[in-house]
Amino acid sequence: MPELRKDPLVRRWVIIATERAKRPDDFKVEHTLSSLAEEKECPFCPGREHLLPPEIYSQRDPVSNAWQVRVVSSKVPLLQIEGDLGRRGHGMYDLMNGIGAHETIIDTPDHIPSMADLSEEQIGRVFAAYRQRMEDLEG
């Protein structure tokens, strides 16, 4: 199970997930972003939503109902949704079990390499999605 450790120097919690190291294929780069768009293999493209976990949240165009921002659970989450935090101390570390949500926010249906390339309106939608997810997960 993943573990949360509080870094005593910067006083931030970090995720330690040693079991993820057992998947070396995850680090192979076989496609570039543009080649995925050309080949229509990208699971984040409109029309390929079935390749991802069910939608948790979305913002849609009121006329076409096409999604503008989507949120899905991670296919390979770092954290587990349910369980006991089990907070404890170990040497100089505060530790907790890796309990929490791991979601993917898909900023746009278009292949845009940087948030800086989004329109102000789309950036507003993205930040609204972040806010909504944080409020939902806090409650």
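The coordinates are above.
Note that the structure is predicted; figures quoted are calculated from it, not measured. Positions within a chain are numbered from 1, following the residues in the order the chain's sequence is written. Only residues with pLDDT of at least 70 get local features here, since the model is predicted, and only at 80 or more are side-chain atom pairs given and counted; chain-wide, interface and lining totals rely on the full set of residues. Excluding hydrogens and water, the side-chain figures rest on all heavy atoms present in the structure.

**Comments concerning the pairing of strand E2 (residues 12-16)**
(1) Moving on: As paired elements, strand E1 (residues 3-7) and E2 share five bridges and run antiparallel to each other. Paired with Asp 7 across the strands is Arg 12, a residue of E2.
(2) Moving on: Remark: four residues form the turn of the hairpin made by E1 and E2, two consecutive strands paired antiparallel; Arg 11 in that turn has positive phi of roughly 60 degrees. Following DSSP output, two strands are said to pair if at least two bridges run between them. For the purposes of this entry, the term helix denotes a DSSP run of H or I that reaches at least four residues, the term strand denotes a run of E that reaches at least two, and both are numbered from the N terminus.

**Brief notes about the side chain of Ser 74**
(1) Moving on: By the element assignment, Ser 74 lies in the loop between strand E4 (67-73) and strand E5 (88-90).
(2) Moving on: A distance of 3.3 Å separates a polar side-chain atom of Ser 74 from the backbone nitrogen of Val 76.
(3) Moving on: For Ser 74, the contacting residues outside a window of four places in its chain are His 102, Glu 103 and Thr 104. Identification of polar contacts relies on pairs of N or O atoms within 3.5 Å, with a donor-acceptor requirement for protein atoms, meaning one able to donate a hydrogen and the other able to accept it, and with residues adjacent in sequence counted only if both atoms are side-chain atoms. Note on definitions: a residue-residue contact is assigned when non-hydrogen atoms from the two residues lie within 4.5 Å.

**Some thoughts on the packing of aromatic side chains**
(1) Moving on: Stacked, edge-to-face and tilted are the three classes for Phe, Tyr and Trp ring pairs, Trp counted by its six-membered ring, which pair at centre distances within 6.5 Å; planes under 30 degrees apart are stacked, over 60 edge-to-face, the rest tilted. Per the stated rule, a full pass over the model turns up zero aromatic pairs.
(2) Moving on: For a lysine, the NZ atom is tested; for an arginine, the CZ atom; a charge sits over a ring if that atom is within 6 Å of the ring centre and within 35 degrees of the ring normal. For Arg 5, the ring lying beneath its charged end belongs to Tyr 93, and the centroid distance is 5.6 Å.
(3) Moving on: Between the NZ or CZ atom of Arg 70 and the centre of the ring of Trp 67, over which it lies, the distance is 5.6 Å.

These figures capture arrangement, not role.
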